[in-house]
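The primary structure of each chain is shown beneath.
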Amino acid sequence: MLKPKQSVAYLYSDYTVRQSLEKMNHYGYTAIPVISREGKYVGVVSEGDFLWYLTGLVRSGALYNERELEKQPLSAVKLRNRISAVSITADPDTLIDTAMRQNFVPVVDDLGSFIGIVTRKDIIKRLSDKAGVSHK
């Protein structure tokens with residue numbers, strides 16, 4: 001069920017806010033994993049995180065136009081969504097329990113490096129296939 005890192009959209013923690021928003025918009029995601037250049041899992045940034053950040057910039061008068069977002073680092077955006085990652089060696093119960101609380105589960109190796117995600121949709125599909133439920 002693992003969607004490997006190569007087939008998943010993610011952001012690097014050293015991106016600017018503008019780069020990050022453009023990539024999220026391109027893929028149409030509401031949340032996206034953030035990793036370091038070394039490949040370590042940092043967290044997940046959501047539309048809500050950006051909204052709160054941009055609201056703060058507007059209130060402080062620091063946001064004059066869209067080009068200002070090129071100067072703002074993604075690291076300045078507070079990641080409010082604490083999306084838990086699981087180890088590649090996690091048991092199925094842990095994976096299912098984690099997926100019950102979030103739409104996707106980031107997966108890391110033993111060194112904390114991001115290796116991909118498992119979506120809630122894929123878990124449900126796998127379980128329904130085992131139960132013999134047909135899909136429309």
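The following refers to the structure shown. (Residues numbered from 1 in each chain as written. Predicted model: local features only at pLDDT ≥ 70, side-chain atom pairs only at ≥ 80, totals over all residues. Heavy atoms only, no water.)

1. A few points about the nonpolar core
Basically, it comes down to this: Residues grouped as a nonpolar core are buried Ala, Val, Leu, Ile, Met, Phe, Trp, Tyr and Cys residues, joined through side-chain atoms within 4.5 Å. Only protein chains enter the accessibility calculation, which uses a 1.4 Å probe; a residue is then buried when its area is under 20% of its type maximum, exposed when over 50%, and partly exposed in between. Each helix corresponds to a stretch of at least 4 residues labelled H or I by DSSP, and each strand to a stretch of at least 2 residues labelled E; elements are numbered beginning at the N terminus. Every residue pair with non-hydrogen atoms within 4.5 Å of one another is taken to be in contact.
Judged by nonpolar contacts, the single largest core of 27 residues is most densely connected at Leu-11, Val-45, Phe-50, Leu-74, Val-77 and Phe-114. Within the residue set of this core, elements represented by two or more residues are strand S2 (11-12), helix H1 (17-27), strand S3 (31-35), strand S4 (41-46), helix H2 (47-60), strand S6 (104-108) and strand S7 (114-119). It is S3 that provides the largest number of residues to this core, a total of four residues. If sequence neighbours within four positions are ignored, Phe-50 has contacts with Val-17, Ser-20, Leu-21, Met-24, Val-45, Leu-74 and Val-77. Membership of the second largest hydrophobic core comes to seven residues, among which are Val-86, Leu-95, Val-107 and Ile-123.

2. Things to note about the sheet that holds S4
Worth spelling out the cut-off: Here a strand pair is declared whenever DSSP counts at least two bridges between the two strands.
Ordered in space as S2-S3-S4, the three strands form an open sheet in which the pairing is mixed. Each having just a single partner strand, S2 and S4 make up the two edges of the open sheet.

3. Considering the packing of H1 against H2
Selection rule: All axes are obtained by fitting lines to C-alpha atoms, using only the stretch in contact for helices, and the reported angles, taken between N-to-C directions, cover 0 to 180 degrees. In this scheme the crossing of two helices becomes right-handed for a clockwise turn of the near helix relative to the far one and left-handed for an anticlockwise turn of less than a right angle. Residues are grouped as follows: Ala, Val, Leu, Ile, Met, Phe, Trp, Tyr, Cys and Pro are nonpolar; Asp, Glu, Lys and Arg are charged; every other residue, Gly included, is polar.
Between H1 and H2, whose axes approach to 12 Å, the crossing angle comes to 145°. Along this stretch, H1 crosses H2, giving a crossing that reads as left-handed. For the pair H1 and H2, the contacting residues are Val-17, Ser-20, Leu-21 and Met-24 in the first and Glu-47, Phe-50, Tyr-53 and Leu-54 in the second. Considered class by class, the residues forming the contact of H1 with H2 number six nonpolar, one polar and one charged.

4. Brief notes about the pairing of S6
Filter applied, for reference: Clockwise travel from the first strand over the helix to the second, with the strands pointing away from the viewer, marks a crossover as right-handed.
Burial of S6 is extensive: five of the five residues sit out of reach of the surface. Burial along S6 is two-sided: Phe-104, Pro-106 and Val-108 and Val-105 and Val-107, pointing in opposite directions, are all buried. Both strand S5 (residues 86-87) and S6 contribute to a ladder of two bridges, which runs parallel. Residue pairing in the sheet places Ser-87 in a bridge with Val-108 of S6. Regarding the hand of the β-α-β motif, the stretch spanning S5, helix H3 (residues 92-99) and S6 is right-handed.

5. Observations regarding the side chain of Gln-72
Basically, it comes down to this: For the purposes of these results, a polar contact is taken to be a pair of N or O atoms within 3.5 Å, where, inside protein, one atom must be able to donate a hydrogen and its partner to accept one; residues adjacent in sequence count only when each atom of the pair is a side-chain atom.
Structurally, Gln-72 is set in the loop between H2 and S5. Take Gln-72: its relative accessible area is 18%, and that puts it in the buried class. In this structure the side chain of Gln-72 is engaged in a polar contact, spanning 2.6 Å, whose partner is the side chain of Tyr-53. When neighbours within four sequence positions are excluded, Gln-72 is seen to be in contact with Thr-16, Val-17, Tyr-53 and Leu-57.

Such coordinate-based values are descriptive only and should not be taken to indicate function.
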